[in-house]
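Fold and contact review
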Amino acid sequence: MERQDALTLAALPLLGIWLLVARILSMLTPLLAPWLSYLLAQRLYYATPFAVYALRSGGGAKAILTRLVVRRYLTLPLRPHLPHFYIVGFPKCGTTSMCTYLKQHPCIDGLDGLPYHEILEKWVGRVSGSGAVGTLGGGESHFYVGALGRSSTTSTSAYRSFFPTIVASTLARVRHGNWLCFDACPVHACLPHVPARMKAMTPNAKLVFMMRDPLAAVISGELMLRDLGMPLQWSTLGEHDLAGDSLAETEEDSAYWAAVEKLPLDEPLPADLMQRFYSTTDPRPALRAAKYADCLDRFLRAFPKENMMFVDFADFVAQPEATVRSVLKFVGADAALPAYAFKPMPPGMQGKPRGRTMHPAVKQRLRQYYRSSNLALQQMLGRSLSWFGEDV
Ligand SMILES: Nc1ncnc2c1ncn2[C@@H]1O[C@H](COP(=O)(O)OS(=O)(=O)O)[C@@H](OP(=O)(O)O)[C@H]1O
């Protein structure tokens, strides 16, 4: 047993009392500090603009946010960990399922104390009627996209506050000999400022990228935003919706995203970044997010390729257990640990397209749109992915 683990075990009763007091105090704070609830709701809205639709009908959601955040900060000295690995992307490629599967392993923890996304998921579960309420536990911090503020995306202590305490890590190490924690946020893969920040925060982290046929990912994302109530003015469902518009990037767009990529680490994120990313009027940010090769290229400039794993969504769906075990091996968790058992996911995990499909004309257009990016991806990975098809 390491010396630090032995010390933590000896101090366990005191640490337990500290955690309990923090929990009680945090339950009182929403009453004492309504402005904090307001501030947090604003920040969450910045990071995930669709959150406003969840918060509108979320009842006590703001109070829950405050309570969780206050508890995390009261116990910050007990939270020394940053993620050992990330599920970095891509949107609608099975990151939530993968996250839930990985957390079945006794040596792996996700976030602690700030399941922002759980609140959204409960709401999504109610809206979609997927019956998934309480079963998902996505645990996305949205840290690098500004969930704790546009200026906080390089603050180590702010980020540490998301992850479990030394009590949890010590107990896992003593019982199972190993402990790892991770963050998951599919949009991290798509935003150009993220690789440099992630590298500065966690230079040795491992990164898992999940990828799916871009067309399937794009329509899945559109349907999620529609079901949340976002007033999207573009659609892939009707013949004329995307067929006529130019999908080429404007000069202004290119300049904007290039500037975001070069943003110095000590500069706050632009005020309109996430509104632009989740645009209700312009389909291009959503389409660009599935140009996997461009996004991966930025990560490959920041991290060594051997620290990255690329998972084909189709393999994950066809063989979830084998895929999860290979990810466990990659991140350094023992998949053969006697205390670990793979449990298949409840059916509520899967979305409900409810008969809505992409219009064939739009499909054809998007196949063309993604062709060069898929070719570049094939070269980058040195292998084919199941959905490349004959023309890639
Ligand atoms: N095990 C399994 N089998 C089949 N399909 C699965 C599975 N896990 C996740 N999914 C599908 O993945 C889509 C959700 O992806 P994400 O969790 O990455 O979404 S998010 O970006 O975090 O919002 C969503 O896709 P759509 O159903 O097409 O919307 C889920 O149904």
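Treat the numbers as computed from the prediction; the structure is a model and nothing was measured. (Residues numbered from 1 in each chain as written. Predicted model: local features only at pLDDT ≥ 70, side-chain atom pairs only at ≥ 80, totals over all residues. Heavy atoms only, no water.)

1. Comments concerning the UniProt feature "active site" (unreviewed entry) in the protein
When the UniProt feature table is mapped onto this chain, "active site" (unreviewed entry) is found at K92. Along the polypeptide, K92 turns up in the loop between β1 (85-89) and α6 (95-102). Relative accessible area serves as the criterion here: at 27%, K92 is assigned to the partly exposed category. Apart from residues no more than four positions distant in its own chain, K92 is found in contact with R212, A217, S220, G221 and M224. (UniProt positions renumbered as here; feature names shortened; annotations may be inferred. Helix = DSSP H or I, 4+ residues; strand = E, 2+ residues; numbered from the N terminus. Buried < 20%, exposed > 50% of the residue type's maximum accessible area, 1.4 Å probe, protein only. Contact = heavy atoms within 4.5 Å.)

2. Quick notes on the packing of aromatic side chains
With the rule as written, the count across this model stands at 19 aromatic pairs. With a centroid separation of 4.8 Å and an interplanar angle of 10 degrees, the aromatic rings of F85 and F182 are classed as stacked. On the criterion of sequence distance, the pair formed by F85 in strand β1 and F182 in strand β3 (residues 180-184) is long-range, its members being 97 residues apart. With respect to burial, F85 and F182 carry one shared label: buried. Centre to centre, the rings of Y159 and F162 are 5.9 Å apart; their planes meet at 70 degrees, and the pair counts as edge-to-face. Like Y159, the residue F162 is buried in the burial classification. The cationic tip of R276 hangs over the ring face of Y256; the distance from NZ or CZ to the ring centre is 3.7 Å. (Phe/Tyr/Trp six-rings, centres within 6.5 Å; stacked < 30°, edge-to-face > 60°. Lys NZ or Arg CZ within 6 Å of the ring centre and 35° of its normal.)

3. Structural notes on the sheet that holds β1
Across the sheet, which stays open at both edges, the five strands sit in the order β2-β3-β1-β4-β5 with parallel pairing between neighbours. A strand with exactly one partner marks an edge of an open sheet, and here the two such strands are β2 (108-109) and β5 (308-312). Relative to β5, strand β4 (residues 206-211) is paired through five bridges, and the arrangement is parallel. Directly across from M210, in β5, lies its bridge partner V311. Strands β1, β4 and β5 of the sheet are contacted by helix α16 (residues 292-300), whose axis makes an angle of about 175 degrees with β4. (Pairing = 2+ DSSP bridges. Axes fitted to C-alpha atoms, helices over the stretch in contact; angles between N-to-C directions.)

4. Description of the nonpolar core
In terms of nonpolar packing, the biggest core is built from 105 residues, with F90, L207, F209, M211 and L377 touching the most fellow members. The contacts of F90, once residues within four sequence positions are left out, are T95, P186, A189, C190, F209, M210, M211, A289, Y292, C295 and L296. Core analysis: the second largest hydrophobic core is formed by five residues, A33, L40, V69 and V70 among them. (Core = buried A, V, L, I, M, F, W, Y, C linked by side-chain atoms within 4.5 Å.)

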